[in-house]
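Residues per chain are reported as follows:
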Amino acid sequence: MDSSISLSRGTAPTAAARATTIRIADDKTMLRTAAELTRDLIAPRPAIYWADMVASAAIGYAALAAAVSVSGTGWVVLFAVVSAFALYRALSFIHEVSHMKHSALPRFREGWNALVGVPMLTPSFMYEGVHNLHHARTRYGTVEDPEYLPLALMKPWTLPAFVLISALAPIGLLIRYAILSPLSLLSPRLRTIVMERYSALAINPQFRRRAPEGEARVLWNRIETAASLWAITIVVLTATGVFSLRSVLIALAVGSGVAVVNQVRTLVAHLWENDGEAMSVTGQYLDSVNVPPPALLPALWAPVGLRYHALHHLIPALPYHSLGEAHRRITAALEEGSPYHKASYAGLPGLVNKIFRSTLVRR
């Protein structure tokens, strides 16, 4: 799950000034072993999905209600932090929604949109039809990948800018759904711009998404209408004093917290070292990151299986609750020299430092 930013690929060094991309051949032993050892883990377990998503949303909204109700800065901050992490976990299920076969989890997409996607103004259509392009064999790491920027090849200042700009996401989403959605109904040109440029959770500013067709378009319009009505309701109730300004500001701060944590997670989801050429599956895996146990904090900043991001790129069909077991099996089966082990890292600080040092070396 990624959020839009305004950094440009043009800030990266020219091809002549940066290191040549190393073409990595596919490690057939790793790919075959991973596939064989995880065949029985492919089926999603609906009870886990529903219980986890509903509980995360319930805790998040309850903590948010507490944050706007209590008086005392310390308590407000405590409940706001709890709310942000719980809602972040609930929101992270958009990644699962974009991958799942909906027949295997009936009505889950609708339930997630009702409980999380629409209330948080991040409905599922902003990821469905977008995230799958990130996994396309010939698109990953190229200019056609909506979720890739060569951050390790850019200037050092782009890293804090990449994270900090995400704090504006709640305001941007309010503008998108309360203002641009209804106005775009009056202007076909504006509607095209809104659909192409402001309807995707993408970090590549050059990405333009295609308009959906058929059933997908019907679903998009239905969910966008709900999100737009909710955004307009927030604005009207705030303007009329039904929602206090303090409560709205706290909710926006929680939303900003969710966006910033997600952007930090995105910053270390890959090594961001590809300069635009198509990569092998093994190359994509090694450009991605696992942060497995014994590290504990990734359970907070990389929830719902996102701590196994490299493994996810290796086997995208695995449901999030199977990734831990899959990692244990593959780790035990493959010898120490296998590329599989090279995508595992100890934690967040080391990854941030690695990317930052890359920006200094490649300037």
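Our subject is the structure that appears above.
What comes next is a walk through the structure.

## Some thoughts on the overall build of the protein
Within the protein, the regular secondary structure consists of 16 helices and zero strands. Here the C-alpha atoms of the protein give a radius of gyration of 21 Å, agreeing with the 21 Å that 2.2 N^0.38 yields for 363 residues. The 363 residues of the protein split such that 49% are buried. Long-range contacts, defined here as pairs at least 24 residues apart, represent 77% of the contacts in the protein between residues at least 6 apart. Element-wise, carbon and sulfur atoms account for 65% of the exposed surface of the protein, whose accessible area totals about 16,700 Å². Of the side-chain charges in the protein, 33 are positive and 23 negative, and the distance between the mean point of each set is 5 Å.

## Observations concerning helix 2 (residues 46-69)
Between its terminal C-alpha atoms helix 2 stretches 34 Å, which fits the 34 Å expected from 24 residues at 1.5 Å a residue. Of the residues making up helix 2, those classed as buried are Tyr49, Asp52, Met53, Ser56, Ala57, Gly60, Ala63, Leu64, Ala66 and Ala67. Those residues of helix 2 hidden inside the fold are in contact with helix 3 (73-91), helix 4 (93-99), helix 5 (108-117) and helix 11 (245-267).

## Observations concerning unusual backbone geometry
Looking along the chain, the bond that leaves Pro293 and enters Pro294 is cis, with omega of 20 degrees. With respect to the helices and strands, the residue Pro294 is situated in the loop between helix 12 (281-286) and helix 13 (298-301). With a phi close to 55 degrees, Leu121 is a non-glycine residue in the positive phi region. Of note, Leu121 is situated in the loop between helix 5 and helix 6 (131-134).

## Some words on empty space enclosed by the protein
Using the criterion set out here, one finds three cavities of 30 Å³ or more in the structure. The calculated volume of the second largest cavity comes to roughly 50 Å³. Around the second largest cavity, the lining residues are Arg265, Val268, Ala269, Val289, Val291, Trp301, Ala302, Leu306, Arg307 and His309. In the lining of the second largest cavity, the residues fall into seven nonpolar, one polar and two charged.

## Focus on the environment of Leu267
Here Leu267 shows up in helix 11. Taking the C-alpha atoms as reference points, Leu267 and Leu64, 203 residues apart in sequence, are found 26 Å from one another. Residues within four places of Leu267 in sequence aside, it is in contact with Leu151, Leu159, Phe162, Val163, Trp272, Val352 and Ile355.

## Considering the side chain of Arg109
Looking at where Arg109 falls in the secondary structure, it is placed in helix 5. At 2.9 Å, the side chain of Arg109 and the side chain of Glu128 are in polar contact.

## Examining the side chain of Ser124
Following the sequence through the fold, Ser124 ends up in the loop between helix 5 and helix 6. There is a polar contact of 2.9 Å between the side chain of Ser124 and the side chain of Asn113.

## Some details on the packing of helix 8 (residues 169-184) against helix 9 (residues 188-197)
Two elements in contact, helix 8 and helix 9, have axes whose closest approach is 8 Å; the angle formed by their N-to-C orientations is 140 degrees. By the angle between their axes, helix 8 is oblique relative to helix 9. In this structure, helix 8 uses Arg176, Leu180, Leu183 and Ser184 to contact helix 9, whose residues at the interface are Pro188, Leu190, Arg191 and Val194. Among the residues making up the contact of helix 8 with helix 9, the classes are represented as five nonpolar, one polar and two charged.

## Notes on the packing of helix 2 against helix 11
Relative orientation of the contacting elements helix 2 and helix 11 amounts to 135 degrees, with a least axis distance of 9 Å. By the angle between their axes, helix 2 is oblique relative to helix 11. Note that helix 2 runs across helix 11; the crossing there is right-handed. Contact residues: helix 2 offers Leu64, Ala67 and Val68, while helix 11 offers Arg246, Ser247, Ile250, Ala251 and Val254.

## Brief notes about the pattern of salt bridges
Counted under the stated rule, the structure contains seven salt bridges. The salt bridge involving Glu224 is made with Arg176; its shortest N-O contact spans 2.9 Å. With Glu224 in helix 10 (residues 214-239) and Arg176 in helix 8, the pair connects residues that are 48 residues apart, well separated along the chain. Per residue, the accessibility class of Glu224 equals that of Arg176, and both read buried. Its salt-bridge partner being Glu325, residue Arg328 comes within 3.2 Å of it at the nearest N-O pair. Residue Arg328 and its partner Glu325 are located together in helix 15 (residues 323-333), separated by three residues, close to a single helical turn. Residue class for Glu325 comes out partly exposed when judged on its relative accessible area of 29%.

## Concerning the packing of aromatic side chains
Tallied over the entire structure, the rule returns 11 aromatic pairs. Seen from their ring centres, Phe93 and Tyr320 are 5.3 Å apart, and the 85 degrees between their planes marks the pair as edge-to-face. Taken together, the positions of Phe93 in helix 4 and Tyr320 in the loop between helix 14 (309-314) and helix 15 put the pair 227 residues apart, joining distant regions of the chain. Accessibility classification places Phe93 together with Tyr320 in one group, the buried group. Taken together, the aromatic side chains of Tyr49, Trp50, Phe93, Phe108 and Tyr320 make up a single cluster linked through ring pairs. Lying across the ring of Tyr177, Arg176 places its NZ or CZ 4.4 Å from the centre.

So, how was this worked out
- The residue count restarts for each chain, going from 1 along the sequence in the order it is written.
- Local features in a predicted model are, by the rule used here, given only for residues with pLDDT of at least 70; side-chain atom pairs are given and counted only at 80 or more, and totals for whole chains, interfaces and linings are based on all residues.
- Water and hydrogen atoms were dropped before computing side-chain values, which therefore reflect all heavy atoms in the structure.
- In this description a helix means any DSSP run of H or I spanning at least four residues, a strand means any run of E spanning at least two, and both kinds are numbered starting from the N terminus.
- This radius of gyration counts C-alpha atoms alone. The globule rule is 2.2 Å times how many residues there are, raised to the power 0.38.
- For the exposure calls, accessible area comes from a 1.4 Å probe over protein chains only, and a residue counts as buried if that area is under 20% of its type's maximum, exposed if over 50%, partly exposed in between.
- Whether two residues touch is decided by their heavy atoms; if any such pair falls within 4.5 Å, the residues are in contact.
- Only the protein chains shown count as cover for residues, and all accessible areas are computed by the Shrake-Rupley method using a 1.4 Å probe.
- Think of it this way: Lys and Arg go in the positive column, Asp and Glu in the negative one, and His and the chain ends go nowhere.
- Note on charges: their place is set at NZ of Lys, CZ of Arg, CG of Asp or CD of Glu.
- Expected span of a helix, by definition, is 1.5 Å for each gap between consecutive residues, and there is one gap fewer than residues.
- Cavities and pockets were defined on a 1 Å grid built from protein atoms only: a cavity is a group of points that admits a 1.4 Å probe but offers it no way out, a pocket is an open group of points flanked by protein on both sides within 12 Å along at least five of seven lines, and a lining residue is one with an atom within 4 Å of any such point.
- Grid points are joined across faces, edges and corners, and a volume is the space filled by probe spheres set on the points.
- Following the grouping adopted for this structure description, the nonpolar residues are Ala, Val, Leu, Ile, Met, Phe, Trp, Tyr, Cys and Pro, the charged ones are Asp, Glu, Lys and Arg, and the polar ones are all others, Gly among them.
- Here a polar contact is recorded for every N or O atom pair within 3.5 Å, except that within protein the pair must consist of a potential hydrogen donor and a potential acceptor, and residues adjacent in sequence are included only if both atoms are side-chain atoms.
- Here, axes are lines fitted to C-alpha atoms. For helices the fit covers the stretch in contact, and angles between N-to-C directions go from 0 to 180 degrees.
- Put simply, angles under 35 degrees are roughly parallel, angles over 145 are roughly antiparallel, angles from 65 to 115 are roughly perpendicular, and the rest are oblique.
- Here a crossing is called left-handed whenever its near helix is offset anticlockwise from the far helix by less than a right angle, and right-handed whenever the offset is clockwise.
- Any carboxyl oxygen of Asp or Glu within 4 Å of a side-chain nitrogen of Lys or Arg constitutes a salt bridge here.
- Any two of the Phe, Tyr and Trp rings considered here, Trp counted by its six-membered ring, make a pair once their centres fall within 6.5 Å; the pair's planes then place it as stacked at under 30 degrees, edge-to-face at over 60, or tilted in between.
- In this analysis the charged atom, NZ for Lys or CZ for Arg, is taken to sit over a ring once it is within 6 Å of the ring centre and within 35 degrees of the ring normal.

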